[in-house]
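A look at the structure
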Amino acid sequence: MLTLGAHMCKWPIGDPSTSDFSFCGRRASEGVYCVEHARVAYQPQVRKSAGKDASSDLARSLRRYI
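Note that the structure is predicted; figures quoted are calculated from it, not measured.

Next up on the list: the environment of Trp11. If you trace the backbone, Trp11 turns up in the segment before strand E1 (12–13). Among the residues examined, Trp11 registers a relative accessible area of 22% and is labelled partly exposed. With 13 residues separating them along the chain, Trp11 and Cys24 place their C-alpha atoms 5.3 Å apart. Filtering out sequence-adjacent residues up to four positions away, Trp11 remains in contact with Ser22, Phe23, Cys24, Tyr33, His37, Val40 and Ala41.

The residue His37 is located in helix H1 (residues 35–41) in this model. Ignoring anything within four residues of it in the chain, the contact list for His37 reads Cys9, Trp11, Cys24 and Arg26.

Tallied over the entire structure, the rule returns 3 aromatic pairs. Ring geometry for Tyr33 versus Tyr42: centroids 6.0 Å apart, planes at 50°, classification tilted. A residue is classified by how much of its surface remains accessible, and Tyr33, at 19% relative accessible area, is buried. In textbook terms, an aromatic cluster arises when at least three aromatic residues are bridged by ring pairs, as seen for Trp11, Tyr33 and Tyr42.

Here is what the cut-offs are and how they apply
- Residues numbered from 1 in each chain as written.
- Predicted model: local features only at pLDDT ≥ 70, side-chain atom pairs only at ≥ 80, totals over all residues.
- Heavy atoms only, no water.
- Helix = DSSP H or I, 4+ residues; strand = E, 2+ residues; numbered from the N terminus.
- Buried < 20%, exposed > 50% of the residue type's maximum accessible area, 1.4 Å probe, protein only.
- Contact = heavy atoms within 4.5 Å.
- Phe/Tyr/Trp six-rings, centres within 6.5 Å; stacked < 30°, edge-to-face > 60°.

Quick look at the structure:
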């Protein structure tokens, strides 16, 4: 982490407990990650309709198989 510059991607690669652990290191154009890793890290929020929860969404999707 100390070798990464301010504008380098800080996406971790590998297992931190091994010697081959590293960071992406590509140019970070959006925050601390490169464009590719920013797409993975920052997922758009999905708004739920008022009064609905995940269990009702699951039940509705399963009805088509019953």
